[in-house]
Amino acid sequence: MAISVDPPERNRELCGKQGYTFTFLSDVSSDAIRLYDLVHEKAGPGGTDISRPAEFLIDSQGTVRWANLTDSIAVRARPEQVLKIVDDLKLGGPS
Amino acid sequence: MKRRWNALLWAGFLVVLAAPVTYLTVFVRFPVTRDLPWATLLIFGAGLLLMVFGLRRAFREPQIYRGKISGSIVLTAGVALFGLFLVSIFYTLRQLPPSNGAPRVGQKAPDFTLPDTDGNPVSLSKLFEAEAGGGAGARAALLIFYRGYW
């Protein structure tokens, strides 16, 4: 699942062009970013508010099992790191 | 005798200039050279060292080598560039909001409902519910608040 700040029509174009088949949500008023307290004020293009980079792993009960709020914009969780955590927490595999 | 061109000095300056250029074009693409920019710091170090040796011989052997004035200027520029890089990586990129309200491990992830590409509302919590067609719900979800390409 992906969330973008672009409107649904724009996301539909992108999904068509890129061939994405996963759920692609639209958050034009940054509600999800605000809800998770991740707003980085005036840091976006043209002084707009954008999200700080962050990752959350959520289990089927809706509980956060792992979170990464990086210290540096340039340092993000790596895919292999997240896959290992999914394995360690036994959250992967068929349900 | 005509004094010699101080090649060491200018070669060092070129290496210093190459450090931020190669960081932005090459090293930033790989986490191992981006998260801690050790390769770029080494290139900066090598370049500055060459410049220091070049400037030293310009002052010690001014009858042979040129570059006392120009060398002082480019070395200052090189050090300034290095400082700018350090400030960007270790200060500017770390200016992040406190995010004290972000959900912690063990807490419930705030649920949200947003429109998909067809305008239909979709909730995070709905992902985990079994589908009407008999399909099982998701076992876990990874939320990535993504910012720019890395």
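Residues numbered from 1 in each chain as written. Chains lettered and ligands numbered in written order. Predicted model: local features only at pLDDT ≥ 70, side-chain atom pairs only at ≥ 80, totals over all residues. Heavy atoms only, no water.

Trainee: Hey, could you go over the confidence of the model for chain A for me, with residue numbers and the actual values?
Mentor: Interpretation of this model should avoid reading the predicted coordinates in detail wherever pLDDT is low. Looking at chain A as a whole, the pLDDT averages 88, with 97% of positions reaching at least 70. No element of chain A has a lower mean pLDDT than strand S1 (residues 2-4) of chain A, which averages 83, and none a higher one than strand S6 (residues 64-69) of chain A, which averages 95. (pLDDT = per-residue confidence, 0-100. Helix = DSSP H or I, 4+ residues; strand = E, 2+ residues; numbered from the N terminus.)

Trainee: Can you break down a positive patch on the surface residue by residue, with the values?
Mentor: Among the surface-exposed residues, Lys 2, Arg 3, Arg 66 and Lys 68 of chain B lie close enough to one another that they form a single positively charged patch. Along the polypeptide, Arg 3 of chain B turns up in the segment before helix H1 (7-25). (Patch = residues over 30% accessible without salt bridge, like charges linked within 9 Å, V, L, I, M, F, W, Y side chains within 5 Å. Areas by Shrake-Rupley, 256 points an atom, 1.4 Å probe, with all protein chains shown as cover. Salt bridge = Lys/Arg side-chain N within 4 Å of Asp/Glu carboxyl O. Lys, Arg positive; Asp, Glu negative; His and termini not counted. Charge placed at Lys NZ, Arg CZ, Asp CG, Glu CD.)

Trainee: Break down the packing of aromatic side chains for me, citing the residues and quoting the values.
Mentor: Taken as a whole, this structure holds 11 aromatic pairs over all chains when the rule is applied. Plain terms: the ring middles of Tyr 36 of chain A and Phe 112 of chain B are 6.2 Å apart, the flat faces sit at 70 degrees to each other, and that makes the pair edge-to-face. Of this pair, Tyr 36 of chain A sits in the loop between helix H2 (31-35) and strand S3 (39-40) while Phe 112 of chain B is found in the loop between helix H4 (68-90) and strand S1 (113-115), placing the two residues in two different chains. For the pair formed by Tyr 36 of chain A and Phe 112 of chain B, the shared burial category is buried. A centroid spacing of 5.0 Å and a plane angle of 50 degrees characterise the contact between Phe 44 of chain B and Phe 82 of chain B, whose relative ring orientation is tilted. Here Phe 44 of chain B is found in helix H3 (residues 38-60), whereas its partner Phe 82 of chain B is found in helix H4, with 38 residues between them in sequence. A residue is classified by how much of its surface remains accessible, and Phe 44 of chain B, at 0% relative accessible area, is buried. Residue Phe 82 of chain B is classed as partly exposed on the basis of its relative accessible area of 23%. An aromatic cluster of three or more residues is present, and its members are Tyr 36 and Phe 56 of chain A together with Phe 112 and Phe 145 of chain B. Of note, Arg 57 of chain B hangs over the ring of Tyr 65 of chain B, and the distance from its end group to the ring centre comes to 3.9 Å. (Phe/Tyr/Trp six-rings, centres within 6.5 Å; stacked < 30°, edge-to-face > 60°. Buried < 20%, exposed > 50% of the residue type's maximum accessible area, 1.4 Å probe, protein only. Lys NZ or Arg CZ within 6 Å of the ring centre and 35° of its normal.)

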